[in-house]
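# Examination of the molecular architecture
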Amino acid sequence: MNLNSIRAFQDNYIWVLNNEQGKCVIVDPGEAAPVLKAIEENGWQPEAILLTHHHADHVGGVQQLKDKYPNIEVYGPEETRQKGATQIVGEGDKFSLSGREYRVIATPGHTLGHISFYSFPYLFCGDTMFSGGCGRLFEGTAEQMFTSFQKLNSLPAETQICCAHEYTESNIKFSLSILPHDEQLKGYYRKVKELRAKNHSTLPSMLQTERQINIFLRTEDAVLKEEIKKETNLQQPHEIFAWLRTKKDSF
């Protein structure tokens, strides 16, 4: 399988997995035009669309793609039923496309019904986990998002984090505001800045890398707990997670 990213809007990524025969699966097509262009250029045959949640920048291109490919199946959570989903899926559901199995993981937080799709080594996690950060809590709670992060963190280290936005630079900048002396963060920030200066993508990221540079995965880190004592006495991982998310909201 080949993993492709298609840029959309200002900072979105639409992911496409295609096999050697050209059949492809499209993830979170917020707009149809760049997807249709890539399909034509690569000679792909769209087999299915996967939707992680109902926000317009993830579902906006679904109807146009369905109009073009009437037999295409659209997998998504209940909240995407009115956005074009034809196969409603949830926690633990499994299905196969082009011989590859996909498992659905419920990851509420950004929205209440948000899901992620896992097909090793690829994790399509929408607006749940970003490289170096996590999604805003528009509908869910910090505790829900913390639980979602724990689920995703239980996946193999080689998992590729295929999130939907290019937020890495700002996320690492925030992390450095919390852990200014962290050498891994400083080194990664330099690498990310170099990539972005050339308009290169920082994605996908490896889960094993995220465990080092994503502050939202480090809530049991003794160094982090010691550092934030200047502002809070919180010690429980889920409380630290919520505190960090609130700090990021105003960063």
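So, here is what we can say about the structure in this document. (Residues numbered from 1 in each chain as written. Predicted model: local features only at pLDDT ≥ 70, side-chain atom pairs only at ≥ 80, totals over all residues. Heavy atoms only, no water.)

## Some remarks on the sheet that holds strand β7 (residues 94–97)
The six strands are arranged β7-β8-β9-β10-β13-β14 in an open sheet whose pairing can be described as mixed. The sheet is open, and its two borders are formed by β7 and β14 (205–206), each paired with just one other strand. The sheet contact formed by strand β8 (residues 100–106) and strand β9 (residues 115–119) spans four bridges and is antiparallel. Across the sheet, residue Arg-103 finds its bridge partner in β9, namely Tyr-118. (Pairing = 2+ DSSP bridges. Helix = DSSP H or I, 4+ residues; strand = E, 2+ residues; numbered from the N terminus.)

## Describing the pairing of β7
Residues Phe-95 and Leu-97 point to one face of β7 and are all buried, whereas Lys-94 and Ser-96, pointing to the other face, are not buried. Here β7 runs beside β8; their pairing, made up of four bridges, is antiparallel. If you follow Leu-97 over to β8, its bridge partner there is Arg-100. A loop of two residues connects β7 with β8, the two strands running antiparallel in sequence, and Ser-98 in this loop sits at a positive phi of about 55 degrees. (Buried < 20%, exposed > 50% of the residue type's maximum accessible area, 1.4 Å probe, protein only.)

## Things to note about the sheet that holds strand β6 (residues 87–88)
Within the open sheet, the six strands sit side by side as β1-β2-β3-β4-β5-β6. Their pairing is mixed. Single-partner strands in this sheet number two, and they are β1 (2–8) and β6. The sheet contact formed by β1 and strand β2 (residues 12–18) spans seven bridges and is antiparallel. Within β2, the position partnered with Ile-6 by the bridge is Ile-14. With respect to the sheet, helix α1 (residues 33–42) is in contact with β1, β2, β3 (23–27) and β4 (45–50), its orientation differing from that of β1 by roughly 140 degrees. (Contact = heavy atoms within 4.5 Å. Axes fitted to C-alpha atoms, helices over the stretch in contact; angles between N-to-C directions.)

## Things to note about the nonpolar core
The tendency in soluble globular proteins is for nonpolar side chains to be buried side by side. In this structure, Leu-50, Phe-117, Phe-124, Ile-178 and Leu-244 are the most contacted members of the largest nonpolar core, which totals 53 residues. Listed in part, the 19 residues of the second largest apolar core include Ile-6, Ala-8, Val-35 and Ala-85. (Core = buried A, V, L, I, M, F, W, Y, C linked by side-chain atoms within 4.5 Å.)

## Focus: the packing of helix α5 (residues 168–178) against helix α9 (residues 237–249)
In the contact formed by α5 and α9, the axes pass within 11 Å of each other and the chain directions differ by 115 degrees. Every pair of crossing elements has a handedness; the one defined by α5 and α9 is right-handed. Contacts between α5 and α9 pair Ser-170, Asn-171, Phe-174 and Ile-178 from the former with Trp-243, Leu-244, Lys-247 and Lys-248 from the latter. Among the residues making up the contact of α5 with α9, the classes are represented as four nonpolar, two polar and two charged. (Left-handed = near helix turned anticlockwise from the far one by under 90°. Nonpolar A, V, L, I, M, F, W, Y, C, P; charged D, E, K, R; others polar.)

## Observations concerning unusual backbone geometry
Going from Phe-120 to Pro-121, the amide bond is cis rather than trans, its omega being 5 degrees. With an omega of -5 degrees, the peptide bond running from Leu-203 to Pro-204 counts as cis. Backbone geometry at Ser-98 places phi at a positive 55 degrees, although glycine is not the residue there. Mapped onto the fold, Ser-98 is located in the loop between β7 and β8. Residue class for Ser-98 comes out partly exposed when judged on its relative accessible area of 26%.

These results come straight from atomic positions and should not be treated as a statement about function.
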